[in-house]
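Spelled out from the first residue to the last, the chains are:
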Amino acid sequence: MSMGSLEIGSRLDACLTAAVAADPGLADVAKVIAACASAAIEVSTVIGRGALAGDLAAQGEQNSDGDVQKFLDVFAHERFTEALRGAPVSEVASEEAEGVMLLNPGAPLAVAIDPLDGSSNIGVNMAVGSIFGIRPTASTPENPLGSFTGPGTLQRAAGFVTYGPATSLVLTLGDGTQTYTLDRAEGVFRLTHPRMEVVASAKEYAINASNARHWDTPVKAYIEDCLRGAEGPLDKDFNMRWLGSLVSDAQRVLLRGGVFLYPGDNRKGYAQGRLRLLYEAAPIAFLMEQAGAGAIDGERRILDICASAIHERVPLIFGSADEVACVAKYYGGRNSAAGRSPLFGQRGLMRS
């Protein structure tokens, strides 16, 4: 039985039990997912109290990126780490830890996780989230990062949680993408979308337009042509969306289609964008592909890219298959209209 064949309203634990019954090799994976779900419910409870839980945006020490950690960053990291310690997890690569964390040596699985995505939204009552990817343990004394340096295709499962008006868990075990919604009254996740299917073509794009002057030519050309709408080479009018929270933008794409772009740009330290390959891009790419969407860095499929370090960055473009393929044409110089929009000539809005 596939998870997508279960009835709407089924509890997450029942869905995981069904998945393991169909494939006993998923037993350990199911335990890790259950642990992540448990931690997410704790985090959701604190976020749901808002300022009543204290200053969730209170600043503390710096994380692996040099960013100042907020209280909620640390709380989420500790809750997920504690939960995963009770699961068959050997190692964890977390955004909030500089190196690989050793939990249960000899356990079969490793987890890459961003415990709290969208930290800039903490304290202003906007959606934040958690992202995780589950991989087989592959580290050795000779290669201590071995569990995390393989391509994203090695992931056994991936998911993200959005803490918004509702708390939702988007999940794949490699057989489609499902969404579970937290039943706050009972404290359990229930299946609400058995099989997510991203429409192949849509009229929305998400990008931080304030960085337009720093974009490389392919991104400038694509966005210019989006702005030309039905009068331009893309033959349709677009809406722009940007939420400042990767999980929120990903959830919107899963439900409505469109394309999300966080490219590299010409600013110092932004050549590879700012999103992390292991615990942001790879899990999102897995979920997108399992829903019929695409995910690339501009030219390469995200799931084919191997990390050389646990906090390695990568440009990320994902969404409706036709839209992602269209962006790839601009990167490959195969779009005859790229960069030649008369609306944006030499003095155009985005010309450098």
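Note that this is a predicted model, so its numbers are computed, not measured.

What counts, and where the lines are drawn
Along each chain, the written sequence defines residue order, and numbers are assigned to residues from 1. Confidence filtering applies because this is a predicted model: local features only for residues at pLDDT of at least 70, side-chain atom pairs given and counted only at 80 or more, and all residues used for totals across whole chains, interfaces and linings. Side-chain descriptors were evaluated using all non-hydrogen atoms of the structure, hydrogens and water having been removed beforehand. Only DSSP runs of H or I with at least four residues qualify as helices, and only runs of E with at least two residues qualify as strands; both kinds are numbered from the N terminus onward. Think of it in three bands: residues with accessible area under 20% of the maximum for their type are buried, residues over 50% are exposed, and the middle band is partly exposed, with areas taken using a 1.4 Å probe on protein chains only. In this description, contact between two residues means that some pair of their heavy atoms is separated by no more than 4.5 Å. The method behind every accessible area is Shrake-Rupley, applied with a 1.4 Å probe, and residues are considered shielded solely by the protein chains displayed. Only four residue types enter the tally: Lys and Arg on the positive side, Asp and Glu on the negative side, with His and both chain ends excluded. Charge positions come from single atoms, namely NZ of Lys, CZ of Arg, CG of Asp or CD of Glu. Only protein atoms enter the 1 Å grid used here. Points where a 1.4 Å probe fits but cannot escape make up a cavity, open sets with protein on both sides within 12 Å along at least five of seven lines make up a pocket, and a residue lines them when an atom lies within 4 Å of a point. Grid points are joined across faces, edges and corners, and a volume is the space filled by probe spheres set on the points. Only Asp, Glu, Lys and Arg are considered charged in this grouping, and only Ala, Val, Leu, Ile, Met, Phe, Trp, Tyr, Cys and Pro are considered nonpolar; every other residue, Gly among them, is considered polar. By definition, a salt bridge exists where a carboxyl oxygen of Asp or Glu is found within 4 Å of a side-chain nitrogen of Lys or Arg. Pairing between two strands is assigned when DSSP locates at least 2 bridges connecting them. Lines fitted to the C-alpha atoms define the axes, with helices restricted to the stretch that makes contact. Angles between their N-to-C directions range from 0 to 180 degrees. Here, nonpolar core refers to any group of buried Ala, Val, Leu, Ile, Met, Phe, Trp, Tyr and Cys residues whose side-chain atoms link them within 4.5 Å. Note that the arc is computed from the directions linking the helix axis to the C-beta atoms. Working definition: a ring pair exists when centres of Phe, Tyr or Trp rings (six-membered ring for Trp) sit within 6.5 Å. Plane angles under 30 degrees give stacked, over 60 give edge-to-face, the rest tilted.

Caption draft 1: Inspection of the overall build of the protein at higher detail. Looking only at helices and strands, one finds 7 helices and 15 strands in the protein. Reported as C-alpha extents along the three principal axes, the dimensions of the protein are approximately 60 × 50 × 45 Å. A total of 352 residues make up the protein; the buried ones form 55% of that total. A separation of at least 24 residues holds for 61% of the contacts in the protein among residues at least 6 apart in sequence. Of the accessible surface of the protein, which amounts to about 14600 Å², a share of 51% is contributed by carbon and sulfur atoms. Taking the average place of the 31 positive charges on the side chains of the protein and the average place of its 40 negative ones, the gap between the two points comes to 5 Å.

Caption draft 2: Quick look at the environment of Asp 175. Inspection of the secondary structure puts Asp 175 in the loop between β8 (167–172) and β9 (177–183). Here the alpha-carbon distance between Asp 175 and Gln 290, two residues 115 residues apart in the chain, equals 6.9 Å.

Caption draft 3: Up close: empty space enclosed by the protein. A complete count under the given rule lists 1 cavity of 30 Å³ or more for this structure. Reported here for the largest cavity is a volume of approximately 50 Å³. For the largest cavity, the full set of lining residues is Ile 207, Asn 208, Asn 211, Trp 215, Trp 242, Leu 261, Tyr 262, Pro 263 and Asp 265. Across the lining of the largest cavity, the residue classes tally to 6 nonpolar, 2 polar and 1 charged.

Caption draft 4: Broad picture of the pattern of salt bridges. Going through the model one piece at a time under the given rule, you end up with 15 salt bridges. Two residues, Asp 183 and Arg 190, come together in a salt bridge whose shortest N-O distance is 3.1 Å. In this structure Arg 190 comes out as partly exposed when scored by relative accessible area, which is 22%. In this structure, Asp 304 and Arg 301 form a salt bridge, with 3.1 Å as the shortest nitrogen-oxygen distance. Given the relative accessible area of 47%, Asp 304 is considered partly exposed.

Caption draft 5: Fine view of the layout of surface pockets. Its boundaries defined by the atoms lining it, the second largest pocket holds a volume of some 380 Å³. Lining the second largest pocket we find 23 residues, and of these Ile 47, Gly 48, Gly 50, Asn 125 and Met 126 sit closest to its centre. It is helix α2 (residues 27–49) that contributes the most residues to the lining of the second largest pocket, 3 residues altogether. Each residue belonging to the lining of the second largest pocket can be placed in one class, and the counts come to 12 nonpolar, 9 polar and 2 charged.

Caption draft 6: Seen up close, the sheet that holds strand β7 (residues 157–163). The sheet built from 8 strands is open, its strands ordered β4-β3-β5-β6-β7-β8-β9-β10 with mixed pairing. Two strands bound the open sheet, and with one partner strand each, they are β4 (101–102) and β10 (188–193). For β8 and β9, the ladder comprises 5 bridges, and the chain directions are antiparallel. For Ser 168, the partnering residue across the bridge sits in β9 and is Thr 181. Packed on one face of the sheet, α2 meets β3 (89–94), β5 (109–117), β6 (128–136), β7, β8, β9 and β10 and runs near 10° to β7. Set on the sheet, helix α3 (residues 71–85) makes contact with β3, β4, β5, β6 and β7; between it and β5 the angle comes to about 155°.

Caption draft 7: The arrangement of the nonpolar core in detail. Val 32, Leu 84, Val 111, Ile 134 and Leu 169 are the most contacted members of the largest nonpolar core, which totals 49 residues. At 11 residues, the largest contribution of residues to this core is made by α2. Setting aside residues up to four positions removed in sequence, Ile 134 forms contacts with Val 29, Val 32, Ile 33, Leu 109, Ala 110, Val 111, Gln 155, Arg 156 and Ala 157. Counting residues in hydrophobic clusters, the runner-up holds 40 residues, among them Ala 110, Phe 160, Leu 275 and Ala 281.

Caption draft 8: Structural context of the environment of Ala 309. Position of Ala 309 relative to the elements: it lies in the loop between β14 (294–296) and β15 (316–319). C-alpha of Ala 309 to C-alpha of Leu 278: the two residues are 31 residues apart in sequence and 8.9 Å apart in space.

Caption draft 9: Fine view of helix α1 (residues 12–22). Listed as buried for α1 are Leu 12, Cys 15, Leu 16, Ala 18 and Ala 19. Looking straight down α1, one finds that the buried residues subtend no more than 160° of arc, so they occupy a single side. Summarising the geometry of α1, the exposed residues directed more than 90 degrees from the buried face are Thr 17 and Ala 21. Where α1 is buried, its residues meet α2, β8, β9 and β10.

Caption draft 10: Quick look at the packing of aromatic side chains. In this structure the tally under the stated criterion is 6 aromatic pairs. Summarising the aromatic geometry, the rings of Phe 71 and Phe 75 are spaced 6.1 Å apart at their centres and angled 20° between planes, so their arrangement reads as stacked. Of the two residues, Phe 71 and Phe 75 are both situated in helix α3; the distance of 4 residues between them amounts to about one turn of the helix. The exposure class assigned to Phe 75 is buried, which follows from its relative accessible area of 15%.

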